[in-house]
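Structural overview for review
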Amino acid sequence: MRRMNTTPSSTTTPSTTTPPAGTTDPAEDSADAVTEEAAAKDSLAKDAAKDSPAKDPAPKDATGTPPDAADSGSAPDDLAGQADDADDAEDLEPDPFEEARHGVGAGAAAVVSAALGVVALTGAWTGRVAAERETLIGQIQTSGGGSAAQQISEIYGDAWHTTALVNGVFAVLALLVGVFVLVRPAFGTPSERPQPTWVRAVALAGVALGVLGVLISAGMYFDLFVSLPTAGAPAGG
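Residues numbered from 1 in each chain as written. Predicted model: local features only at pLDDT ≥ 70, side-chain atom pairs only at ≥ 80, totals over all residues. Heavy atoms only, no water.

1. Concerning the overall build of the protein chain
Applicable threshold: Secondary structure elements follow DSSP: runs of H or I of four or more residues count as helices, runs of E of two or more count as strands, with numbering from the N terminus. Type-normalised accessible area, obtained with a 1.4 Å probe on protein chains alone, sets the label of each residue: buried when under 20%, exposed when over 50%, and partly exposed for intermediate values. By the convention used here, residues are in contact when the closest approach between their heavy atoms is within 4.5 Å. Here the open area of atoms and residues is found with the Shrake-Rupley method and a 1.4 Å probe, where only the protein chains shown may cover a residue.
Secondary structure assignment for the protein chain yields seven helices and zero strands. Element order for the protein chain, N to C, with α for helix and β for strand: α-α-α-α-α-α-α. A burial count over the protein chain gives 16% of its 237 residues as buried. Here the contacts in the protein chain between residues at least 6 apart in sequence split such that 78% fall between residues at least 24 apart. Of the roughly 17800 Å² that the protein chain leaves accessible, carbon and sulfur atoms contribute 62%.

Shown next as structure tokens:
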């Protein structure tokens, strides 16, 4: 009776088949295709990156805050500072209307002083009216009779002295107004702006005319320049 040998005599190993010459492995073909496709995608990505370069991310400062955020945070403060500077500049800039109003009263007073001085030297219609009134009074008083000296004094002398007195009053007013304009800045509330030069010049002219008018009027009133005429002694018969 024959026994069957159940133990295999030799082990079989998977055989590796070598493809015949002139043929390619399908696995290698698929790997090459994937590699070529990846290379094509990389080249397209590089071309796109060259055409539209990406923006660099904003650098952060030492505190970790981007500069844009810091600029946006400080922008309102800068605008507020600029607004304050503009307001200060407007405050420092002189107002033309304020400049025009400054010194108007003092300038008007200076002009009045100079005008009064001129009137004191040339005479006014009030002085002529007063002189004519004195002449009329003298004629009335001497109409009933009187000496020649009395007639000269009543008719001519009183009118002359009245004219000198009226001119002296105008001269004193010119002097007082001019002095007031010159000394006004030293009293009261101090002004931020100095007195204009032309105001002081006109006020000085008024003071000078007033002083001259006072001297001339005093000389006329006291007959220092020209004395009253005297009547000659009557001839004896």
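So, next bit.
2. Observations concerning the pattern of salt bridges
Applied cut-off: What counts as a salt bridge is simple: a side-chain nitrogen of Lys or Arg found within 4 Å of a carboxyl oxygen of Asp or Glu.
Taken as a whole and assessed by the stated rule, the structure comprises one salt bridge. Notably, a salt bridge pairs Glu-134 with Arg-133, separated by 3.9 Å at the nearest N-O pair. A relative accessible area of 54% places Arg-133 in the exposed class.

3. Considering helix H5 (residues 125–141)
The criterion, for reference: The span expected for a helix works out to 1.5 Å for each residue beyond the first. As used here, the arc is the angular range of directions from the helix axis to the C-beta atoms.
End to end, H5 covers 25 Å across 17 residues, agreeing with the expected 24 Å (1.5 Å per residue, within 8%). Along H5, the positions that sit buried rather than exposed are Gly-127, Ala-131 and Gly-138. In an axial view of H5, the angular spread of the buried residues amounts to 35°, which keeps them on one side of the axis. Within H5, the exposed residues directed more than 90 degrees away from the buried face are Trp-125, Glu-132, Arg-133 and Ile-140. Structurally, H5 contributes buried residues whose contacts are with helix H6 (148–183).

4. Description of the confidence of the model for the protein chain
The cut-off we apply is this: Per residue, pLDDT measures the predictor's confidence, with a range of 0 to 100.
For the protein chain, the average pLDDT comes to 75, and 59% of its residues sit at 70 or higher. Considering each helix and strand of the protein chain separately, the mean pLDDT is smallest for helix H2 (residues 67–92), with a value of 54, and largest for helix H7 (residues 197–221), with 96.

5. Overview of a nonpolar patch on the surface
Heads up, the rule is: Excluding any residue in a salt bridge, patches collect residues exceeding 30% relative accessible area, merging like charges within 9 Å and nonpolar Val, Leu, Ile, Met, Phe, Trp and Tyr side chains within 5 Å.
A grouping of Leu-121, Leu-165, Val-169, Leu-173, Leu-212, Ile-216, Tyr-221, Phe-222, Leu-224, Phe-225 and Val-226 is seen on the molecular surface, where their side chains present a nonpolar patch of about 1100 Å² in accessible area. When residues of the nonpolar patch are traced back to their parent elements, those giving at least two are H6 and H7. Checked against the element boundaries, Val-226 lands in the segment after H7. Overall, the relative accessible area of 52% leaves Val-226 in the exposed class.

6. Some thoughts on the nonpolar core
To keep it simple, the criterion reads: Take the buried residues of types Ala, Val, Leu, Ile, Met, Phe, Trp, Tyr and Cys, join any two whose side-chain atoms come within 4.5 Å, and each joined set is a nonpolar core.
Counting residues in each nonpolar core, the largest one holds seven residues, listed as Ala-109, Ala-110, Val-181, Leu-182, Val-199, Ala-203 and Val-207. At the level of elements, helix H4 (104–122), H6 and H7 are the ones that each hand at least two residues to this core. At three residues, H7 tops the list of elements feeding residues into this core. What Val-207 contacts, discounting residues up to four positions off in sequence, is Ser-113, Leu-175, Gly-178, Val-179 and Leu-182.

7. Details of unusual backbone geometry
Backbone geometry places Asp-223, a non-glycine residue, at a positive phi of 55°. Considering the arrangement of structural elements, one finds Asp-223 in the segment after H7.

8. Considerations on the packing of aromatic side chains
So the rule is basically this: Pairing of aromatic side chains requires ring centres within 6.5 Å, counting the rings of Phe and Tyr and the six-membered ring of Trp. Pairs whose planes differ by under 30 degrees are stacked, by over 60 edge-to-face, and all others tilted.
For the structure shown, the criterion picks out two aromatic pairs. Ring geometry for Tyr-156 against Trp-160: centres 6.3 Å apart, planes inclined by 25°, an arrangement best described as stacked. Within this pair, Tyr-156 and its partner Trp-160 are both found in helix H6, separated by four residues, close to a single helical turn. What makes Tyr-156 partly exposed here is its relative accessible area of 41%. Between Tyr-221 and Phe-222, the aromatic rings sit 5.3 Å apart at their centres with planes inclined by 85°, giving edge-to-face as the arrangement.

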